[in-house]
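If you want the building blocks of each chain, they are given just below.
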Amino acid sequence: MAELTESGSPPMLVLGIETSCDETAAAVVARDPAGSGRILSNVVLSQFESHALYGGVVPEIAARAHTESLDLLIQKALDEAGIGLGHLSAVAASAGPGLIGGLIVGATSGKALALATGKPFLAINHLEAHALTAGLTDGIRPPYLMLLVSGGHTQLLWVEGVGRYRRLATTIDDALGEAFDKTAKLLGLPMPGGPAVEKAALKGDPRRFNLPRPMLGRADPHFSFAGLKTAVRHAAAKISPLSEQDVADLCASFQAAVCDSVADRVRLAISTVLPLLAEDAPRNFVAAGGVAANKALRSMLVDLSAKSGFTFHAPPLALCTDNGAMIAWAGAERLAQGLVDDLAAPVKPRWPLDPSAAKATGAGVKA
Ligand code: KG4
Ligand code: ZN
């Protein structure tokens, strides 16, 4: 059970539920009145094996798997935190963007617990949860520049405050995680693709294949990865059948192209926000989302941030990929601002963080 804080008031205790894709997760996070957070429990159950046979996430299987395990995971999260439902300040659940079946499972469970306990309910935007995680892990407060790279999204955001985001760039076709996953699939590597490509790349030569660096040097701020993925397919087809070394070299070359392309886009975003910052304003650059677990990308971002006068922050690897602690923390941050939701709050398979952002134009725009 959480003790009193220095100010004498008890910390907020928020249960977070995550079911937007193929991870079922629940966590309890404490937030003290001064705004610092602590993870009391964080349990995640991956469904990789349930989807492996199909080479991708099957929405109906995901929703059923969430239904089967969520109750147990919530109980485990409460037990590990050493609390009961009655100790909670609020219940937060991921309500979008994501797969609608899973979102309904998590949000409905969260609403039921909120109703039964009489505690506030918070419908959390999954992207906002990724965006705010650095506040929990590194104590970073907005404003900051952020790169959000996940299986469904690739965005550069100016995080002004809780609930206030300016989208500077998005992808005009594939998300970066999707490009990793599709590259892994075409090279015969297991799911999830990102970690598999990263592992294979460790033994590969990043200079063997001269792959395109999408958007390099373009004044248009957005990302694009579909062409790179196709270039990997063509390079692989030319030398098929692939040896283990060929796969490693393709992975390393793909990752190097990704890093160069992302670096160029981040540089452009930094040059956009720098003139808006006061001389003495903190300059923080935060990366989050599953692909931010990639060590090659992280080390490129550490260097680039340092060269640009920014301090780099990213959650520890396990808190980059989907988890319940990030949902609980976003819930605590919103609750601290009085931003609670109605039990009628809908789930939203599409839910942009910056609804005012102009639509990106391109061949396969999804965001
Ligand atoms: O944030 P996340 O867990 O789920 C979504 O909200 O989409 O991100 C999942 C994505 C997947 O595409 C996965 O392949 C990618 O993150 N990923 C990685 C790594 N770990 C996870 N990509 C590259 N390198 C990694 N180490
Ligand atoms: Zn995510």
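Residues numbered from 1 in each chain as written. Chains lettered and ligands numbered in written order. Predicted model: local features only at pLDDT ≥ 70, side-chain atom pairs only at ≥ 80, totals over all residues. Heavy atoms only, no water.

Engineer: Please clarify how the site of ligand 1 should be interpreted in this entry.
Structural biologist: Looking at ligand 1, there are 19 residues lining it, with Gly151, Asp181, Gly194, Glu198 and Asp322 nearest. For ligand 1, an oxygen atom lies 3.1 Å from a polar atom in the side chain of histidine 126. In the model, an oxygen atom of ligand 1 is placed 3.0 Å from a nitrogen or oxygen of the glycine 290 main chain. Broken down by secondary-structure element, the contributors of at least two residues to the shell around ligand 1 are helix H4 (126–137), helix H5 (176–186) and helix H6 (193–201). The element contributing the most residues to the shell around ligand 1 is H6, with four residues. Class assignment of the residues belonging to the shell around ligand 1 gives a composition of four nonpolar, 12 polar and three charged. (Near = heavy atom within 4 Å. Polar contact = N/O pair within 3.5 Å; in protein donor to acceptor, adjacent residues only side chain to side chain. Helix = DSSP H or I, 4+ residues; strand = E, 2+ residues; numbered from the N terminus. Nonpolar A, V, L, I, M, F, W, Y, C, P; charged D, E, K, R; others polar.)

Engineer: Looking at this structure, how should I read unusual backbone geometry?
Structural biologist: Both trends apply: most residues other than glycine have a negative phi, and most peptide bonds are in trans. The omega torsion of the bond from glycine 96 to proline 97 falls at -15°, within 30 degrees of zero and hence cis. Relative to the helices and strands, proline 97 is located in the loop between strand S4 (90–96) and helix H3 (100–117). In this structure, proline 241 follows serine 240 across a cis peptide bond, with omega equal to 0°. Phi angles above zero are rare outside glycine, and methionine 215 is one such case at about 70°. Secondary-structure assignment places methionine 215 in the loop between H6 and helix H7 (226–239).

Engineer: Sorry if this is basic, but what is going on with the sheet that holds strand S6 (residues 144–149) here?
Structural biologist: Adjacent strands of a sheet form backbone hydrogen bonds with each other and so pair up, either parallel or antiparallel. The five strands are arranged S8-S7-S6-S9-S10 in an open sheet whose pairing can be described as mixed. One side of each edge strand has no neighbouring strand; the edge strands of this open sheet are strand S8 (164–169) and strand S10 (311–313). Neighbour-to-neighbour, the strand axes of this sheet turn through a mean angle of 25°, independent of strand direction. The pairing of S6 with strand S9 (residues 284–288) spans four bridges and is classified as parallel. (Pairing = 2+ DSSP bridges. Axes fitted to C-alpha atoms, helices over the stretch in contact; angles between N-to-C directions.)

Engineer: Help me understand the packing of helix H2 (residues 59–81) against H3 in this model?
Structural biologist: How two helices pack is summed up by the angle between their axes together with the distance between the axes. Here H2 crosses H3 at 30°, and the two axes come no closer than 9 Å. The angle between H2 and H3 falls in the class roughly parallel. When the axes of H2 and H3 are compared, the crossing they make is right-handed. Two secondary-structure elements touch here, H2 through Ala63, His66, Thr67, Leu70 and Ile74 and H3 through Gly101, Gly102, Val105, Gly106, Ser109 and Leu113. A per-class count over the contact of H2 with H3 returns five nonpolar, six polar and no charged. (Parallel < 35°, antiparallel > 145°, perpendicular 65-115°, else oblique. Left-handed = near helix turned anticlockwise from the far one by under 90°. Contact = heavy atoms within 4.5 Å.)

Engineer: Would you explain helix H11 (residues 324–336) in this entry?
Structural biologist: Because an α-helix completes one turn every 3.6 residues, residues spaced three or four positions apart along the sequence face the same direction. If you check H11, its first and last C-alpha atoms are 18 Å apart, about what 13 residues at 1.5 Å a residue would give, namely 18 Å. Burial analysis of H11 places 12 of its 13 residues in the buried class, which makes it a mostly covered element. Turning to H11, its buried residues are Gly324, Ala325, Met326, Ile327, Ala328, Trp329, Ala330, Gly331, Ala332, Glu333, Arg334 and Leu335. The backbone nitrogen of alanine 325 has a side-chain oxygen 3.0 Å away, supplied by the residue at the start of H11, namely asparagine 323. (Expected span 1.5 Å × (residues − 1). Buried < 20%, exposed > 50% of the residue type's maximum accessible area, 1.4 Å probe, protein only.)

Engineer: In this structure, what is going on with the packing of aromatic side chains? I would like to understand it.
Structural biologist: In this description, an aromatic ring pair is defined by two values, namely the gap between the centres and the angle between the planes. Summed over all chains, the structure comprises three aromatic pairs. Both rings, one in phenylalanine 180 and one in phenylalanine 254, keep their centres 5.0 Å apart while their planes meet at 85°; by these two values the pair is edge-to-face. Taken together, the positions of phenylalanine 180 in helix H5 and phenylalanine 254 in helix H8 (residues 244–273) put the pair 74 residues apart, joining distant regions of the chain. Looking at phenylalanine 180, the relative accessible area reads 2%, which means it is buried. Judged by its relative accessible area of 0%, phenylalanine 254 is buried. When the centroid spacing of 6.1 Å and the interplanar angle of 35° are considered together, the rings of phenylalanine 285 and phenylalanine 312 count as tilted. Pair noted here: phenylalanine 285 is in strand S9 and phenylalanine 312 is in strand S10, with a separation of 27 residues, a long-range link. Considered together, phenylalanine 285 and phenylalanine 312 belong to a single accessibility category, that of buried residues. (Phe/Tyr/Trp six-rings, centres within 6.5 Å; stacked < 30°, edge-to-face > 60°.)

Engineer: What is the right way to look at the state of the cysteines in this model?
Structural biologist: Should the sulfur atoms of two cysteines be covalently bonded, the bond is a disulfide. Inspection of every chain in the model, using the stated rule, returns zero disulfides. With no disulfide of its own, cysteine 21 lies closest to cysteine 320 among cysteine sulfurs, the gap being 16 Å. Its relative accessible area of 25% is what places cysteine 21 among the partly exposed residues. (Disulfide = S-S within 2.5 Å.)

Engineer: Whenever I open this one, the pairing of strand S7 (residues 154–161) confuses me. Can you help?
Structural biologist: Within a regular beta strand, the side chains point alternately toward one face of the sheet and then the other, so they alternate between its two faces. With seven of its eight residues buried, S7 lies for the most part within the structure. In the sheet, S6 pairs with S7 via six bridges, with the strands oriented antiparallel. Directly across from leucine 145, in S7, lies its bridge partner tryptophan 158. If you look at the hairpin formed by S7 and S8, you'll find two residues sitting between the two strands, and glycine 163 has a positive phi there, around 80°.

Engineer: Help me out: how do you make sense of the side chain of lysine 229 in this one?
Structural biologist: Mapped onto the secondary structure, lysine 229 falls in helix H7. A relative accessible area of 12% places lysine 229 in the buried class. Each residue touching lysine 229, except ones within four places of it in the same chain, is listed here: Asp174, Lys182, Thr183 and Leu186.

Engineer: Would you explain the pairing of strand S3 (residues 37–46) in this entry?
Structural biologist: As defined by bridge partners, strand S2 (residues 23–31) adjoins S3 across nine bridges and the pair is classed as antiparallel. Residue alanine 27 lies in a different strand from S3, and its bridge partner there is asparagine 42. Hairpin remark: S2 followed by S3, antiparallel, with five residues in the connecting loop; positive phi at glycine 35, about 100°.

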